Amino acid sequence: MTENSDDILTRLPARLKEARRAKGLSLEAVANLSGVSRSMVSQIERGESSPTISTLWNLTRALQVDFAGLLEESETTDQIEVLRSAEVPSIDNMGQSCRIRILSPPEEAGGHEVYDIRFDAGGALNSQPHARGAREQLTVLEGAVRVTSGAATMELQQGDTARYAADVAHAIAAPDGPARVFLIVKNA
């Protein structure tokens, strides 16, 4: 193979992954849209499998990207992906008197999730156990909260950080006033 074709085979996995992330699609969603199995999409994105022209065509159509554009050279390392405040997805119907902003990319759901949570006075977020080995790290940005993990409970003030098991029932509450926390959920 020529150096040029080696470059293309090196670029292609990253470009497909970039295109999928830019559309906010999971591997499963791309598989459903393209007719290519989820495991094959994952292998192609990791550079562990080279797609046939037919597979590549199905993927580009599902991702609504230009076939040739995937193969062109570009400076992808000098990019900053920005999600403006108004574009950040939020959940307002989970918990009591709390607003959850989802800061992590959709494809990281179930793996490494990042949230900005604002509680009104008396607000709470009660969570069922996540996957075995899951952990959460919470930093209080404003106000004070009570964190419960299993039978353990801890009061936290502005600037405090707590790390705790999330594979048991757990809760975050702001019983005494409004509060804001930064939460990282890491599933095992």
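Just so you know, these numbers come straight off a predicted model, no measurement behind them. Residue positions within a chain follow its written sequence, with the count starting from 1. It should be noted that, the model being predicted, local features are given only for residues of pLDDT at least 70 and side-chain atom pairs only at 80 or more, the latter also being counted only at that level, while totals for whole chains, interfaces and linings use all residues. Excluding hydrogens and water, the side-chain figures rest on all heavy atoms present in the structure.

1. Quick look at the environment of Pro 178
Keep this limit in mind: Strands here are runs of E lasting at least two residues and helices are runs of H or I lasting at least four, both read from the DSSP assignment and numbered beginning at the N terminus. Note on classification: 1.4 Å probe, protein chains only; a residue is buried when its accessible area is under 20% of the maximum for its type, exposed when over 50%, partly exposed between these limits. Any two residues whose heavy atoms approach within 4.5 Å at even a single point are treated as in contact.
One can find Pro 178 in the loop between β8 (170-174) and β9 (179-186). You can call Pro 178 exposed: its relative accessible area is 62%. Between the C-alpha atoms of Pro 178 and Ser 97, which are 81 residues apart in sequence, the distance is 9.7 Å. When sequence neighbours within four positions are dropped, the list of residues in contact with Pro 178 reads Phe 119, Asp 120, Ala 121, Glu 142, Gly 143 and Ala 144.

2. Let's talk about helix α4 (residues 53-63)
What counts, and what does not: The directions from the helix axis to the C-beta atoms are what the arc is built from.
Looking at α4, one finds that the buried residues are Thr 55, Leu 56, Leu 59, Thr 60, Ala 62 and Leu 63. Projection of α4 onto a plane perpendicular to its axis shows the buried side chains occupying an angular sector of 160°, all on one side. Across from the buried face of α4, at angles greater than 90 degrees, the exposed residues are Ile 53 and Arg 61. Positioned one or two residues after α4, Gln 64 has a phi angle of 55°, which is positive.

3. Focus on the packing of helix α2 (residues 27-34) against α4
Just so we agree on the cut-off: For helices, the fitted line uses only the C-alpha atoms of the stretch in contact; every axis is such a line through C-alpha atoms, and the angle between N-to-C directions lies from 0 to 180 degrees. Our angle categories are set so that under 35 degrees counts as roughly parallel, over 145 as roughly antiparallel, 65 to 115 as roughly perpendicular, and the remainder as oblique. The hand of a helix crossing depends on one turn: near helix anticlockwise from the far one by less than a right angle means left-handed, and clockwise means right-handed. Here the term charged refers only to Asp, Glu, Lys and Arg, the term nonpolar to Ala, Val, Leu, Ile, Met, Phe, Trp, Tyr, Cys and Pro, and the term polar to all other amino acids, Gly among them.
It is at 8 Å that the axes of α2 and α4 come closest, and there the two elements cross at 110°. Here α2 is positioned roughly perpendicular relative to α4, judged by the angle of their axes. Between α2 and α4 the crossing geometry is right-handed. Where α2 approaches α4, its residues Val 30, Leu 33 and Ser 34 are matched on the opposing element by Asn 58, Leu 59, Ala 62 and Leu 63. Along the lines of polarity and charge, the residues of the contact of α2 with α4 split into five nonpolar, two polar and no charged.

4. Quick word on a nonpolar patch on the surface
Here is the rule we go by: Each patch is built from residues lacking any salt bridge and having more than 30% relative accessible area; the joining distance is 9 Å for like charges and 5 Å for nonpolar side chains (Val, Leu, Ile, Met, Phe, Trp, Tyr). Accessible areas in this description were obtained via Shrake-Rupley with a 1.4 Å probe; residue shielding takes into account the shown protein chains only. Salt bridges are defined by distance alone: a side-chain nitrogen of Lys or Arg within 4 Å of a carboxyl oxygen of Asp or Glu.
A cluster of nonpolar side chains, contributed by Leu 103, Leu 141 and Phe 182, occupies part of the molecular surface with about 210 Å² of accessible area. Along the chain, Leu 103 turns up in the loop between β2 (96-102) and β3 (112-127). Exposure remark for Leu 103: the relative accessible area of 34% places this residue in the partly exposed category.

5. Here's the deal with the packing of α2 against helix α3 (residues 38-45)
Close contact between α2 and α3 brings their axes to 8 Å; oriented N to C, the two are set at 115°. On the basis of their axis angle, the class for α2 and α3 is roughly perpendicular. Every pair of crossing elements has a handedness; the one defined by α2 and α3 is right-handed. Of α3, the residues touching α2 (which contributes Leu 27, Glu 28, Val 30 and Ala 31) are Arg 38, Val 41, Ser 42 and Glu 45.

6. A look at the nonpolar core
Filter applied, for reference: Put simply, buried Ala, Val, Leu, Ile, Met, Phe, Trp, Tyr and Cys residues joined by side-chain atoms within 4.5 Å make one nonpolar core.
Membership of the largest hydrophobic core comes to 19 residues, with the highest contact counts inside it found for Ile 117, Phe 119, Leu 138, Val 145 and Leu 183. Of all elements in the fold, only β2, β3, β4 (135-142), β5 (144-149), β7 (161-165), β8 and β9 reach the threshold of two or more residues within this core. Those residues within four positions of Leu 138 in sequence are excluded, and the remaining contacts are Val 145, Val 147, Leu 156, Asp 160, Thr 161, Ala 162, Tyr 164, Ile 172, Val 181, Phe 182 and Leu 183. The next biggest cluster of nonpolar side chains, apart from the first, holds 12 residues, and it includes Leu 25, Val 41, Ile 44 and Leu 59.

7. Focus on the pattern of salt bridges
Counted by the stated rule, this structure contains seven salt bridges. With its nearest N and O atoms 2.7 Å apart, the salt bridge here joins Glu 48 to Arg 46. One continuous salt-bridge network, built from bridges that share partners, spans Asp 116, Glu 142 and Arg 180.

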